[in-house]
Amino acid sequence: MRAVIGEVLIVAAAAVCVSPWGSPQVGLLMGMALALAGLTWRPRLAKKPSRVLIQACIVLLGLTINLSEVARAGVSGLVFAAGTIAGAFVVGLALARLLRVEGKLATLLCSGTAVCGGSAIAATSSVIRARDAHTSIALACVFLLNALALYLFPWLGHRLELSQHQFGAWAAVAIHDVASVVGAGAAYGEVARADATIIKLVRVLWIVPIALATGWYWRRRDAREGTPGLPATGPGASAKSKRPGLTGVVPWFILLFLVTSTVRTLWPGLSGADPAIKFATRAGMSVALLLIGAGLSVRAVKEVGWRALLMATLLWVALSAAALAVVLRTVE
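Figured I'd write up the structure that's included with this text. All figures in this text were calculated on a predicted structure; none of them were measured in a lab.

Ranked by size, the top nonpolar core spans 86 residues in total, and within it Ile58, Leu109, Val115, Phe153, Phe167, Trp170 and Met311 carry the most contacts. Ignoring any residue separated from it by four or fewer positions in sequence, one finds Phe153 in contact with Phe167, Trp170, Ala171, Ala174, Ile175, Trp316 and Ser320. Of all hydrophobic cores here, the second largest spans nine residues; its members include Cys17, Leu34, Leu39 and Leu291.

Rendered as structure tokens:
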């Protein structure tokens, strides 16, 4: 009976998400409420559909943004990304040492905070062969902070009287996952949404060098300390079978975003479809966040140790404050 009720509620929640009253914030809140009430339907099956839906929405958003906007936000975002990502790892590893957080768990938390939340954690986890427990804890920490940011940042932006460009840049750097960045940007305004999307996608590209660098470091360290390679997922998985290829790390959907943006630039007449595209992407992001929220579990929350959560929170606050200071000085 509970399963049937869960199915009905998740379908009803999805219907709200695609209605004029839906939003990413509402979708995430409904998903979390259903999950914590134990009324979600096969939450593990929702992981892949939510990821694909987010990527499809990002590609579709390209049809509303021309290449000149991509170039303007992308060039500034590239330099911004390099500085803040390096700073996040320096501060994060210092906090890990201070709080005595295990090395691979700290690496996952740094990657998720510095780059793009769960996607960066998943990619980094596979290349450093982190334990399943460490991956789950890192994902839970980032999920909780990311959910908070989706509601907190638009409110703070208005209190600080940030411009659309300032908020878009700040959200792209300080909020973990792409879906919440787009959702927070859309809640603040269309210009903020466009800037936040582009700058965040520039950061997502850093998954590749970060994953390769951390994988190289931990392979050397494990070999030096005589630690055998740990399976990335599931008991009994061999190191060879779980060694990732580049296809598991490269965010190919960004290339498709550039293709659709090129289409918009070559055919500016597509602007007439902007309202429909923006509504479709908002609805898609809302459903994706509903599925992400539905994947939360009481067990995952309980597994989060106070040291890991404190490290993730302090690192997030430090990154947010530093990014805001830079944005206020450099963005109008």
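Back to the text.
Below, the discussion takes up the packing of helix α7 (residues 132-159) against helix α8 (residues 164-174). Between α7 and α8, the least distance of the axes is 11 Å, while the angle of their chain directions is 145°. Read as a crossing pair, α7 and α8 show a hand that is right-handed. Residues Phe153, Pro154, Leu156 and Gly157 of α7 form the contact with α8, whose own contacting residues are Phe167, Trp170, Ala171 and Ala174. When grouped by side-chain class, the residues that make up the contact of α7 with α8 number seven nonpolar, one polar and no charged.

Let us look at the pattern of salt bridges. Opposite charge on two side chains permits them to pair, given that their charged atoms come into close proximity. Applying the stated criterion to the full structure yields four salt bridges. With a shortest N-O distance of 2.8 Å, Glu190 and Arg193 are connected by a salt bridge. Highlighted residues: Glu190 and Arg193, both in helix α10 (residues 190-204), separated by three residues, approximately one helical turn. Accessibility expressed as a relative area gives 39% for Glu190, which makes it partly exposed. Note on Arg193: relative accessible area 6%, which makes it buried. Ionic pairing is found between Lys278 and Glu190, a salt bridge with its closest N-O pair at 3.5 Å. In this pair, Lys278 sits in helix α13 (residues 274-294) while Glu190 sits in helix α10, placing the two residues 88 residues apart along the sequence. Residue classification places Lys278 among the partly exposed residues on the basis of a relative accessible area of 26%. Among the charged side chains, a network of salt bridges with common partners joins Glu190, Arg193 and Lys278.

What the rule picks out here adds up to five aromatic pairs. Taken together, a centroid distance of 6.3 Å and an interplanar angle of 80° make the contact between Phe167 and Trp170 edge-to-face. A residue pair is termed a helical-turn pair when its members lie 3 or 4 positions apart in one helix, as Phe167 and Trp170 do in helix α8 at three residues. Across the pair, Trp170 and Phe167 agree in class, each one buried. Cluster of aromatic residues (ring-pair linked, three or more members): Phe153, Phe167, Trp170, Tyr188 and Trp316.

A separate point is the layout of surface pockets. Here the second largest pocket is characterised by a volume of approximately 340 Å³. Contributing to the lining of the second largest pocket are 13 residues, with Leu93, Gly103, Thr107, Tyr217 and Arg221 lying nearest its centre. Elements that contribute at least two residues to the lining of the second largest pocket include exactly α4 (67-99), α5 (103-116) and α11 (207-225). Along the lines of polarity and charge, the residues of the lining of the second largest pocket split into eight nonpolar, three polar and two charged.

As a further point, take unusual backbone geometry. One non-glycine residue, Arg100, adopts positive backbone phi at about 60°. In this structure, Arg100 sits in the loop between α4 and α5. In the Ramachandran plot, Glu161 falls in the positive-phi region, its phi being about 55° despite a non-glycine side chain. Relative to the helices and strands, Glu161 resides in the loop between α7 and α8.

The subject of this paragraph is the side chain of Arg264. Structurally, Arg264 can be placed in helix α12 (residues 253-266). Setting aside chain neighbours within four positions, we find Arg264 in contact with Gly62, Leu63, Thr64, Ile65, Asn66, Leu270, Ser271 and Asp274.

Bringing α5 into the picture now. Taking 1.5 Å per residue, 14 residues should reach 20 Å; α5 reaches 20 Å between its end C-alpha atoms and fits that length. One side-chain oxygen of the residue at the start of α5 lies 2.8 Å from the amide nitrogen of Lys104, identifying that residue as Glu102. Once α5 finishes, Gly117 follows within two positions and takes phi at roughly 60°, a positive value.

Mapped onto the secondary structure, Val191 falls in helix α10. Not counting the four nearest positions on each side in its chain, Val191 is found in contact with Gln164 and His165.

What counts as what
Residues numbered from 1 in each chain as written. Predicted model: local features only at pLDDT ≥ 70, side-chain atom pairs only at ≥ 80, totals over all residues. Heavy atoms only, no water. Core = buried A, V, L, I, M, F, W, Y, C linked by side-chain atoms within 4.5 Å. Buried < 20%, exposed > 50% of the residue type's maximum accessible area, 1.4 Å probe, protein only. Contact = heavy atoms within 4.5 Å. Axes fitted to C-alpha atoms, helices over the stretch in contact; angles between N-to-C directions. Helix = DSSP H or I, 4+ residues; strand = E, 2+ residues; numbered from the N terminus. Left-handed = near helix turned anticlockwise from the far one by under 90°. Nonpolar A, V, L, I, M, F, W, Y, C, P; charged D, E, K, R; others polar. Salt bridge = Lys/Arg side-chain N within 4 Å of Asp/Glu carboxyl O. Phe/Tyr/Trp six-rings, centres within 6.5 Å; stacked < 30°, edge-to-face > 60°. 1 Å grid on protein atoms, 1.4 Å probe; cavity = no way out; pocket = protein on both sides within 12 Å on 5 of 7 lines; lining within 4 Å. Points joined across faces, edges and corners; volume = space filled by probe spheres on them. Expected span 1.5 Å × (residues − 1). Polar contact = N/O pair within 3.5 Å; in protein donor to acceptor, adjacent residues only side chain to side chain.

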